[in-house]
Amino acid sequence: MTRSSSFTFRIALGSAAVLACAASATLAWGPEITQEVQNPTPGSAAAAPRFKPLPPPSLNFYGSAGLIDMPSSEMLADGTYAVGYSWFGGQSRYNITFQALPWLSASFRYNGIRNLNLFGFDTYYDRGFDVRARLWREGRYRPEVTMGLQDFAGTGVYAAEYFVATKRFQTPALSRRSGPGTLKVSAGLGWGRLGSYGAIGNIGGKRPTFVGGSTGGELSYDQWFRGDFAPFGGIEWQPNERLSLKAEYSSDAYVTETQVSDVFERKSALNFGLEYQYSDRTRLGAYYLYGSEIGFSTQFQLNPRQPIAPVVVPAAQPVVPRSIWAKTQAHWGQGWSQSQSQKTIYRDQVAEQLKKDGLILEAIDLQGTVAEVRFRNPRYRSTTQAMGRVARVMANYLPASVETLRVTPVQGGIGVSTLEVRRSDLEALEFDPEASAALVAVAGLSEARPLAQDALHSDELYPAFSFSTGPYTRPSYFDPSRPFRIDVGVDLKASYAPAPGWILAGTLRQRLAGNTAQGRASNSVLPHVRTDISSYAQYGTTLENLFVGRTWKPGQNLYARANIGLFETMFGGVSGEVLWKPVNSRLALGVEGNYVIQRDYDQRFSFRDYKTFTGHASAYYELDNNYILQLDAGRYLAGDYGGTVSIDRVFNNGWKVGGFFTLTNVSAADFGEGSFDKGFRFTMPLDWMLGKPSRRGFGLTIRPTQRDGGQRVAVPGRLYGGIRASHRASLQDQAARFWE
């Protein structure tokens, strides 16, 4: 095949579309999508544009977008969750990075340095947090520039600050079948670790090695961008989508490792690497570093917007206009009887159709031209999608006289919102290209009304008994003698619901294997509300929880919960919560109180002597881009007073990533290692991985260190998450799914 011409188009997302073309090499600026048009013979398949994403930026040894040991200014795709492992010269680094915003990323790192005998360990383990912010995007002539803080909230072993710029260029294709390559050139200035070799200046005098102290956790902002600063830089060439060749000049002298440890000798400032993009999510690398060491890395990048297996569900039934099937009902409403027996027939028809969609009818209310259906959604992650399917069933199976459809999802036995839509609008919008926007304009969302006394409830729901079995894991992190421990086993769960809003539930747990019981004993000076985990892990068969709970609506925009029993591994007692959450408001306010007693180590029905009252006032606010800000203030399990700040990003497909920190009246010295409670958490939905609809997910909360300050009891059934999912901000954000 003869190559007659080649043009490459680059489109920068989030800015005005910019078009550039050249016969062989084109300058690119921050491209997100590449369109290649080759051999544009009219009518041929090759003439059609082909859009494909560029290879994602690779991660450096610190888990940030970069070269090898040095950073670059690149950012991952928005929302990307990346996990990496790197090793060289007796140093292992486990990294987790989240691209929180298109211009902001954060990383958590756990390091192991062999033979660094500073604190009495053969291998010194250290934790650190990084944050990077892009100052401006790449342009036609200007490079992309990013500022970074490295290990800014740890002991400071790897503490550094930097500015780095990266410019990208296209290189000619190596063959006719391959597309053009990409050359990335990066250069920057670093302080701290990144200013320890080849310094060209100094700001503020000498800088200490451990800026965060021996316990870490303190922000040594007075040391940021202070001390010696030095240049670093490098190049990365990607000849195709799979391969990357890297070379860099490092400004890290590795003073601590080479002087205190005999792990490796730094002979050169030059590093070289070869990386291979094994799959869309996996990248492997091998390197020659500092003139003396061989290293390797493994990277996994998960984008919540790109599921491993796209969720496949049966197509929703189409809305059949009444004009087709209701011609015999002359006046629409006079052709059916509103007797109780007739209503029962319609109830059973709707229940049967909802069951085919995996939904459960709770109740139906037929009042002339108005009908309301209350339903439970055990299948679809999107409440909007479930509402759309309920509305279609109502439009197809209720009497033709019914014009107003009210769809009410039920959570914990109570209706949490009502979507009201005209049946004629559904019929008109079914195939409208702007159906989603039109639905938002014509539908109404309001607080669920009290159900009419003559409404028909499902005969088969209460009392209800269910049980399930499944595996469980309980990890324990960052013990200096063994950084990762885990117990695995089987859970037997059972629940009994005697009436709407009531539940009796419990979990019997059987540990099959694990080593959490061999963890270090607590040295906390506070009450041991969390640090006795190794003592609780000594037993094989335990009662994880057993409680009675009730949820109800005490008033307008108010939701309430009460629980009594064994809540979790370590505590049981009495808990109550009230939440104020208007359907159309982004703001919610709540208050919770718990009187709890510490459970005995065997986790049966006996208790220890420690008992306390703990409670919080909470404020929740839904920010743009699916961020949820939560502020809590009150009394924690160890008797300390303070507040917690949390921010989570919730994706429409169920992914959830966030972080938190807690400050209380406990001093850093009394708190111990880490100085204050902090961490990050994520939830990965099962349907994202399996391709089958499910509301379940796999979640973890990781703290740099587990201490007793700033801890809360884990109470089942807290209100906000379930209520929010059926309110305006969440439903409107997923309006398009109403038609799926």
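Just above, that's the structure.
Source: prediction; values computed, not measured.

**Q** Can you help me understand the overall build of the protein in this one?
**A** Counting its regular elements, the protein contains 11 helices and 36 strands. Classification of the 740 residues of the protein by burial places 50% in the buried group. Taking the intrachain contacts of the protein between residues at least 6 apart in sequence as the baseline, contacts between residues at least 24 apart amount to 59%. Carbon together with sulfur atoms contributes 59% to the accessible area of the protein, which is approximately 32,400 Å² in total.

**Q** Can you walk me through the packing of aromatic side chains in this structure?
**A** The description of an aromatic ring pair rests on the distance of the ring centres and on the angle between the ring planes. Per the stated rule, a full pass over the model turns up 27 aromatic pairs. Here the aromatic rings of Tyr81 and Phe682 are separated by 5.0 Å at their centres, their planes lie at 45 degrees, and the arrangement is tilted. Of this pair, Tyr81 sits in strand S4 (residues 81–88) while Phe682 is found in strand S35 (residues 677–685), placing the two residues 601 residues apart along the sequence. When its relative accessible area of 9% is taken as the criterion, Phe682 is described as buried. Ring centres 5.2 Å apart and planes at 75 degrees place the aromatic pair Phe738 and Trp739 in the edge-to-face group. A relative accessible area of 2% places Phe738 in the buried class. Look at Trp739 and you get buried, because its relative accessible area is 15%. Taken together, Phe61, Phe88, Tyr254, Tyr287 and Tyr290 form an aromatic cluster joined through their ring pairs.

**Q** Explain the pairing of strand S28 (residues 558–566) to me, please; I cannot follow it from the model alone.
**A** Two faces belong to every sheet, and in a regular strand the side chains alternate between them. Pairing analysis gives eight bridges linking strand S27 (residues 541–555) to S28, with the strands arranged antiparallel. Residue pairing in the sheet places Gly555 in a bridge with Leu558 of S28. Two successive antiparallel strands, S27 and S28, enclose a turn made up of two residues, where Asn557 displays a positive phi of approximately 65 degrees. Where S28 lies against strand S29 (residues 571–580), nine bridges are found, and the strand directions are antiparallel. Paired with Leu558 across the bridge in S29 is Trp580.

**Q** Sorry if this is basic, but what is going on with the packing of helix H3 (residues 340–356) against helix H4 (residues 383–397) here?
**A** In a packed pair of helices, the relevant descriptors are the angle between the two axes and the axis-to-axis distance. Running from N to C, H3 and H4 cross one another at 140 degrees; their axes reach a closest spacing of 10 Å. Between H3 and H4, the angle falls in the class oblique. Like other packed secondary-structure pairs, H3 and H4 cross with a definite hand, here right-handed. From H3, Tyr346, Gln349, Val350, Gln353 and Leu354 reach across to H4, where they touch Val390, Val393 and Tyr397.

**Q** What should I look at first to understand the side chain of Lys246 in this one?
**A** Note on placement: Lys246 falls in strand S13 (residues 243–249). Owing to a relative accessible area of 4%, Lys246 belongs among the buried residues under this scheme. Looking at Lys246, its side chain comes within polar contact range of the main-chain oxygen of Gly66, at 3.3 Å. In this structure, Lys246 is in contact with Ser58, Leu59, Gly66, Leu67, Ile68, Ile235, Glu236, Asn271, Phe272, Gly273 and Glu275, ignoring residues within four places of it in sequence.

**Q** How should I be thinking about the pattern of salt bridges in this particular structure?
**A** Side chains bearing opposite charge may pair, as long as their charged atoms lie close to each other. According to the stated counting rule, one finds 43 salt bridges in the structure shown. For the salt bridge of Arg520 with Glu673, the shortest nitrogen-to-oxygen distance reads 3.5 Å. Of this pair, Arg520 sits in the loop between strand S26 (502–514) and helix H7 (533–536) while Glu673 sits in the loop between helix H8 (668–671) and S35, and the two are 153 residues apart along the sequence. Overall, Glu673 belongs to the partly exposed group, its relative accessible area being 25%. Among the charged side chains, a salt-bridge network with shared partners connects Arg561, Glu577, Glu592, Asp632, Arg712 and Arg718.

**Q** Looking at this model, I keep getting lost on H3. Mind explaining?
**A** For an α-helix the count is 3.6 residues per turn, leaving residues at separations of three or four pointing the same way. In a regular helix each residue adds 1.5 Å, so 17 residues correspond to 24 Å; H3 covers 25 Å between its end C-alpha atoms and thus fits that length. Turning to H3, its buried residues number three or more, namely Lys343, Tyr346, Arg347, Val350, Gln353 and Leu354. Projected down its long axis, H3 carries its buried residues within an arc of 135 degrees, all on one side. Among the exposed residues of H3, those oriented more than 90 degrees off its buried face are Ser341, Lys355 and Lys356.

**Q** Would you explain the environment of Gly590 in this entry?
**A** Checked against the element boundaries, Gly590 lands in strand S30 (residues 587–599). Taking the C-alpha atoms as reference, Gly590 lies 4.3 Å from Leu579; in sequence the two are 11 residues apart. In contact with Gly590, not counting residues within four places along its chain, are Val578, Leu579, His616, Ala617, Ser618 and Tyr620.

**Q** Whenever I open this one, a nonpolar patch on the surface confuses me. Can you help?
**A** Together, Phe465, Phe467, Leu492, Tyr496, Trp502, Leu504, Leu508, Leu546, Val548, Ile564, Val574 and Phe605 line one region of the surface with nonpolar side chains, adding up to about 1,200 Å² of accessible area. Among the elements of the structure, strand S24 (464–479), strand S25 (482–497), S26 and S27 are those that each provide at least two residues to the nonpolar patch. Counting residues per element, the nonpolar patch draws most heavily on S26, at three residues. Positionally, Leu492 belongs in strand S25.

**Q** Help me understand unusual backbone geometry, please; the structure alone is not making it clear to me.
**A** Glycine aside, the phi torsion of most residues is negative, and most peptide linkages are trans. In this structure, the amide linkage connecting Tyr462 to the following residue, Pro463, adopts the cis form with an omega of -5 degrees. Within the fold, Pro463 resides in the loop between strand S23 (456–457) and S24. Of note in the backbone geometry, Asn557 takes a positive phi value of approximately 65 degrees without being a glycine. As for its placement among the helices and strands, Asn557 is situated in the loop between S27 and S28. On the basis of relative accessible area, Asn557 is assigned to the buried category, the value being 16%. Here the phi dihedral of Asn626 falls at roughly 65 degrees; this positive angle occurs in a residue that is not glycine. Within the secondary structure, Asn626 sits in the loop between strand S31 (607–622) and strand S32 (627–635).

**Q** Which parts of the structure should I look at to understand the side chain of Asn377?
**A** For Asn377, the position within the fold is in the loop between strand S18 (370–376) and H4. Look at Asn377 and you get buried, because its relative accessible area is 14%. One polar contact links the side chain of Asn377 to the main-chain amide nitrogen of Arg379, over a distance of 3.3 Å. When residues no more than four places from it in sequence are discounted, the contact partners of Asn377 are Leu359, Ser382, Thr383, Ala386 and Arg695.

So, how was this worked out
- Residues numbered from 1 in each chain as written.
- Predicted model: local features only at pLDDT ≥ 70, side-chain atom pairs only at ≥ 80, totals over all residues.
- Heavy atoms only, no water.
- Helix = DSSP H or I, 4+ residues; strand = E, 2+ residues; numbered from the N terminus.
- Buried < 20%, exposed > 50% of the residue type's maximum accessible area, 1.4 Å probe, protein only.
- Contact = heavy atoms within 4.5 Å.
- Areas by Shrake-Rupley, 256 points an atom, 1.4 Å probe, with all protein chains shown as cover.
- Phe/Tyr/Trp six-rings, centres within 6.5 Å; stacked < 30°, edge-to-face > 60°.
- Pairing = 2+ DSSP bridges.
- Axes fitted to C-alpha atoms, helices over the stretch in contact; angles between N-to-C directions.
- Parallel < 35°, antiparallel > 145°, perpendicular 65-115°, else oblique.
- Left-handed = near helix turned anticlockwise from the far one by under 90°.
- Polar contact = N/O pair within 3.5 Å; in protein donor to acceptor, adjacent residues only side chain to side chain.
- Salt bridge = Lys/Arg side-chain N within 4 Å of Asp/Glu carboxyl O.
- Expected span 1.5 Å × (residues − 1).
- Arc of directions from axis to C-beta.
- Patch = residues over 30% accessible without salt bridge, like charges linked within 9 Å, V, L, I, M, F, W, Y side chains within 5 Å.

Functional significance is not addressed by these values, which are geometric in nature.
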